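A look at the structure
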Amino acid sequence: MNSVAHQRCFNHALREAVARCPDCTRFFCRECVTEHDDRVLCTACLKRKRSTDPAKRRALLGLKRIAQLTMGILMAWFFFFLVGRTLMELPESFHEGTLWKVPWLERR
Ligand SMILES: [Zn+2]
Ligand SMILES: [Zn+2]
């Protein structure tokens with residue numbers, strides 16, 4: 001078994017490793033690892049994550065805005081589509097203003 005105790009720090013050849021970075025799978029001493037999001041990462045991976053995260057977040061935010069905008073346009077289109085279709089399906093008599101006259105009442 002590849003025990004951590006027998007490994008040396010990737011940055012400090014003389015120091016014993018205490019942790020293994022899950023990202024780059026290298027071994028590091030206490031000084032070279034940092035906790036990040038409940039995970040122990042080496043400084044190199046942490047730096048890489050910090051440099052990519054804000055960009056990713058911005059991209060996600062942009063996507064979210066585009067999705068919201070698209071949803072809004074779709075909702076508006078659907079609304080007008082429904083209104084248009086409802087108007088089309090109304091009987092002719094509605095437009096002639098005779099819808100509210102009840103034929104069988106007048107026949108008597
Ligand atoms: Zn790492
Ligand atoms: Zn170290």
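Residues numbered from 1 in each chain as written. Chains lettered and ligands numbered in written order. Predicted model: local features only at pLDDT ≥ 70, side-chain atom pairs only at ≥ 80, totals over all residues. Heavy atoms only, no water.

**Observations regarding the overall build of the protein chain**
Here is the rule: In this text, helices come from DSSP runs of H or I with a minimum length of four residues, and strands from runs of E with a minimum of two, each type numbered from the N-terminal end. Per-residue accessibility, obtained with a 1.4 Å probe over protein chains only, is compared with the maximum for each type, and a residue is labelled buried under 20%, exposed over 50%, and partly exposed between these values. Contact definition: two residues touch when any of their heavy atoms are within 4.5 Å. Here the Shrake-Rupley method, with its probe set to 1.4 Å, supplies the accessible areas, and only the displayed protein chains count as covering residues.
Regarding its fold elements, the protein chain presents three helices and four strands. Classification of the 108 residues of the protein chain by burial places 15% in the buried group. Considering only contacts in the protein chain between residues 6 or more positions apart, those separated by 24 or more positions represent 4%. When the accessible surface of the protein chain is summed, it comes to about 9,400 Å², and 61% of that surface belongs to carbon and sulfur atoms.

**Here's the deal with the coordination of the zinc ion (ligand 2)**
Octahedral six-donor coordination of a metal ideally yields angles of 90 or 180 degrees, compared with 109.5 degrees for tetrahedral four-donor coordination. Where we set the bar: Any N, O or S atom lying within 2.8 Å of the metal counts as a donor, and for Na, K and Ca the limit rises to 3.2 Å; water is left out, so some sites can look incomplete. Key to geometry: four donors with every angle between 85 and 135 degrees are tetrahedral; four donors are square planar and six octahedral where opposite donors lie over 155 degrees apart and all remaining angles lie between 65 and 115; all other sites are irregular.
Donor atoms from the polypeptide that coordinate the zinc ion (ligand 2) comprise Cys9 (SG), His12 (ND1), Cys29 (SG) and Cys32 (SG), at 2.0 to 2.3 Å from the metal. Classification of the site at the zinc ion (ligand 2) rests on its four donor atoms, whose angles at the metal span 103 to 115°, yielding the label tetrahedral. Along the chain, the residues donating to the zinc ion (ligand 2) are arranged with the sequence spacing C-x2-H-x16-C-x2-C. By relative accessible area, which is 4% here, Cys9 ends up buried. A residue is classified by how much of its surface remains accessible, and His12, at 25% relative accessible area, is partly exposed.

**Describing helix H1 (residues 43-89)**
Basically, it comes down to this: A helix is expected to span 1.5 Å for every residue after the first. To get the bend at a given residue, fit one axis to the seven residues ending there, fit another to the seven starting there, and take the angle between those axes.
Given a rise of 1.5 Å per residue, 47 residues ought to cover 69 Å, and the 67 Å separating the end C-alpha atoms of H1 matches this to within 8%. At Asp53, H1 is bent by approximately 25°, the largest bend along its length, and proline Pro54 sits one to four residues beyond.

**Focus: the side chain of His36**
When you line up the elements, His36 lands in strand S3 (residues 33-36). If we skip the residues at most four places from it in the chain, His36 touches Leu41, Leu46 and Lys49.

**Some details on the environment of Glu35**
The topology assignment puts Glu35 in strand S3. In this structure the C-alpha to C-alpha distance between Glu35 and Leu46, which are eleven residues apart in sequence, comes to 8.9 Å.

**As for the packing of aromatic side chains**
In plain terms, the rule: Two rings from Phe, Tyr or Trp (for Trp, the six-membered ring) form a pair when their centres sit within 6.5 Å of each other. Planes less than 30 degrees apart are called stacked, planes more than 60 degrees apart edge-to-face, and all others tilted. We call a charge positioned over a ring when the NZ of a Lys or the CZ of an Arg lies within 6 Å of the ring centre and within 35 degrees of the ring normal.
Inspection of every chain in the model, using the stated rule, returns four aromatic pairs. Summarising the aromatic geometry, the rings of Phe10 and Phe28 are spaced 5.9 Å apart at their centres and angled 70° between planes, so their arrangement reads as edge-to-face. Pair noted here: Phe10 is in the segment before strand S1 (19-20) and Phe28 is in strand S2 (residues 27-28), with a separation of 18 residues, a long-range link. Geometrically, the ring pair formed by Phe78 and Phe81 is stacked, given 6.4 Å between the ring centres and 25° between the ring planes. Taken as a pair, Phe78 and Phe81 lie in helix H1 at a separation of three residues, close to a single helical turn. An aromatic cluster of three or more residues is present, and its members are Trp77, Phe78 and Phe81. Over the ring of Phe10 we find Arg26, and its NZ or CZ is 4.2 Å from the ring centre.

**Considerations on the coordination of the zinc ion (ligand 1)**
For the zinc ion (ligand 1), the full set of protein donor atoms is Cys21 (SG), Cys24 (SG), Cys42 (SG) and Cys45 (SG), at a range of 2.2 to 2.3 Å. For the zinc ion (ligand 1), the four donor atoms in the first shell make angles of 104 to 117° at the metal, a pattern classed as tetrahedral. In primary-sequence terms, the residues that donate to the zinc ion (ligand 1) follow C-x2-C-x17-C-x2-C. Within this pair, whereas Cys24 is found in the loop between S1 and S2, its partner Cys42 is found in strand S4 (residues 39-42), the two being separated by 18 residues in sequence. Both residues of the pair, Cys24 and Cys42, belong to the buried class.

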